[in-house]
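Residue-level listing of the chains:
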Amino acid sequence: SNVTRDGFVARVGQYQSRDRQQLAAQLTQVRQKFAAELGKTANQIQVKISPGGNVRYQHVVDVYQAAMDADFTKIGFTPAR
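Residues numbered from 1 in each chain as written. Predicted model: local features only at pLDDT ≥ 70, side-chain atom pairs only at ≥ 80, totals over all residues. Heavy atoms only, no water.

1. Section: the nonpolar core
Here is step 1: Residues Leu23, Leu27, Phe72 and Ile75 are the most contacted members of the largest nonpolar core, which totals 16 residues.
Here is step 2: Among the elements of the structure, strand S2 (7-12), helix H1 (20-38), strand S4 (46-51) and helix H2 (57-69) are those that each provide at least two residues to this core.
Here is step 3: Among the elements that make up this core, the one with the highest residue count is H1 (four residues). (Core = buried A, V, L, I, M, F, W, Y, C linked by side-chain atoms within 4.5 Å. Buried < 20%, exposed > 50% of the residue type's maximum accessible area, 1.4 Å probe, protein only. Helix = DSSP H or I, 4+ residues; strand = E, 2+ residues; numbered from the N terminus.)

2. So, the pairing of S4
Here is step 1: In terms of strand pairing, S4 meets strand S5 (residues 74-77) through four bridges, oriented parallel. The residue bridging Ile49 from the neighbouring strand is Phe77, located in S5.
Here is step 2: Running through H2, the crossover from S4 to the neighbouring parallel element S5 is right-handed. (Pairing = 2+ DSSP bridges. Right-handed = clockwise from strand over helix to strand, strands pointing away.)

3. Considering the packing of aromatic side chains
Here is step 1: All told, the structure shown has one aromatic pair when counted by the stated rule.
Here is step 2: For the pair Tyr64 and Phe77, a centre-to-centre distance of 5.9 Å together with 10 degrees between the ring planes defines the contact as stacked. Pair noted here: Tyr64 is in helix H2 and Phe77 is in strand S5, with a separation of 13 residues, a long-range link.
Here is step 3: Using a relative accessible area of 30% as the deciding quantity, one classes Tyr64 as partly exposed. (Phe/Tyr/Trp six-rings, centres within 6.5 Å; stacked < 30°, edge-to-face > 60°.)

4. Some words on the packing of H1 against H2
Here is step 1: Following both chains from N to C, one finds H1 and H2 inclined at 40 degrees, their axes separated by 8 Å at the closest point. Considered as vectors, H1 and H2 are oriented oblique to each other. Handedness of the crossing formed by H1 with H2: right-handed. Residue-level contacts link Arg20, Leu23, Ala24 and Leu27 of H1 to Asp62, Val63, Gln65, Ala66, Ala67 and Asp69 of H2.
Here is step 2: Of the residues in the contact of H1 with H2, the class split is six nonpolar, one polar and three charged. (Axes fitted to C-alpha atoms, helices over the stretch in contact; angles between N-to-C directions. Parallel < 35°, antiparallel > 145°, perpendicular 65-115°, else oblique. Left-handed = near helix turned anticlockwise from the far one by under 90°. Contact = heavy atoms within 4.5 Å. Nonpolar A, V, L, I, M, F, W, Y, C, P; charged D, E, K, R; others polar.)

Encoded structure:
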């Protein structure tokens with residue numbers, strides 16, 4: 001996902017979202033797809049959040065919370081760009 005100064009734009013595969021609830025729903029679909037097609041559980045999938053430079057922490061928290069709402073357990077961060 002990418003976080004901007006005035007909000008976030010999260011990209012997950014073919015999906016793109018600017019809303020925490022919508023992002024959580026999209027992440028849930030991705031998690032379910034990994035489970036169905038690859039037999040992967042949520043704790044076997046690493047979610048990486050890549051914030052842009054000069055972002056508000058609240059937006060990073062929103063993206064993190066969306067991943068938690070989608071029942072992912074391994075959520076990490078890459079260095080800000």
